[in-house]
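Letter by letter, the chains look like this.
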Amino acid sequence: MQLSKEYQNNYLSFQDELKSFVYRLVTNKQDTEDIVQETYIKVTKNIERFRGDSTFKTWVFAIAANHAKNFLKDKKRWHEDYQDNCRTATYA
């Protein structure tokens, strides 16, 4: 299945935000590009599952976050709560 022109334009409008969001999770530019691309593919394949319970943007970001979490888990780079622990240590 292919994204409608409306969804394509919507996706493109927040693509830089999405890259920034994913980069903060994985801290590697190439990994970020890969995850964003995989997210687009998954969104395209599953667009019929988008029910509109949230905004399209929220749905896409959730897919990207799940991809990033799975990526980090597979790489065993750090635990999901690593950033929270760093923040807590910084402000303690």
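Residues numbered from 1 in each chain as written. Predicted model: local features only at pLDDT ≥ 70, side-chain atom pairs only at ≥ 80, totals over all residues. Heavy atoms only, no water.

With respect to the packing of helix α2 (residues 15–26) against helix α4 (residues 56–75)
We apply this condition: Comment: axis = line fitted to C-alpha atoms, over the contacting stretch for helices; angle = value between 0 and 180 degrees taken between N-to-C directions. For helices the rule is a DSSP run of H or I covering at least 4 residues; for strands it is a run of E covering at least 2, with both sets numbered from the N terminus onward. Relative orientations are named as follows: roughly parallel for angles under 35 degrees, roughly antiparallel for angles over 145 degrees, roughly perpendicular for angles from 65 to 115 degrees, and oblique for any other angle. Here is the rule for handedness: rotate from the far helix to the near one, and if that takes an anticlockwise turn smaller than a right angle the crossing is left-handed, while a clockwise turn gives right-handed. Whether two residues are in contact is decided by their heavy atoms, any of which lying within 4.5 Å being enough. Under the grouping applied here, Gly and all other residues not named as nonpolar or charged are polar, the nonpolar ones being Ala, Val, Leu, Ile, Met, Phe, Trp, Tyr, Cys and Pro and the charged ones Asp, Glu, Lys and Arg.
Axis separation between α2 and α4 bottoms out at 10 Å; the angle between their running directions is 25 degrees. Regarding the angle of α2 to α4, the classification is roughly parallel. The handedness of the crossing between α2 and α4 comes out as right-handed. Contacts between α2 and α4 pair Glu17, Leu18, Phe21, Val22, Leu25 and Val26 from the former with Lys57, Val60, Phe61, Ala64, Ala65, Ala68, Phe71 and Leu72 from the latter. Split into classes, the residues belonging to the contact of α2 with α4 amount to 12 nonpolar, no polar and 2 charged.

Side note on the pattern of salt bridges
As a reminder, the rule being used: A pair is scored as a salt bridge if a Lys or Arg side-chain nitrogen falls within 4 Å of a carboxyl oxygen belonging to Asp or Glu. Throughout, exposure labels follow a simple rule: accessible area from a 1.4 Å probe, protein chains only, divided by the maximum for the residue type, with under 20% read as buried, over 50% as exposed, and the rest as partly exposed.
Evaluated as defined, the whole model comprises 3 salt bridges. Between Glu17 and Lys57 there is a salt bridge, with its nearest N and O atoms 2.8 Å apart. Of this pair, Glu17 sits in helix α2 while Lys57 sits in helix α4, and the two are 40 residues apart along the sequence. Relative accessible area serves as the criterion here: at 42%, Glu17 is assigned to the partly exposed category. The partner of Lys19 in a salt bridge is Glu33, with the nearest N and O atoms 3.8 Å apart. With a gap of 14 residues between them, Lys19 in helix α2 and Glu33 in helix α3 (residues 29–45) connect regions that are remote in the sequence. For Glu33, a relative accessible area of 32% gives the class partly exposed.

Re the packing of aromatic side chains
As a reminder of what qualifies: In this scheme Phe, Tyr and Trp rings, the latter by its six-membered ring, pair at centre separations within 6.5 Å, and the angle between planes marks the pair as stacked below 30 degrees, edge-to-face above 60, and tilted otherwise.
Across all of its chains, the model carries 10 aromatic pairs by this definition. A connected cluster of aromatic rings, assembled from ring pairs, spans Tyr7, Tyr11, Phe14, Phe21, Tyr40, Phe50, Phe56, Trp59 and Phe61.

That's the geometry; what it means functionally is another story.
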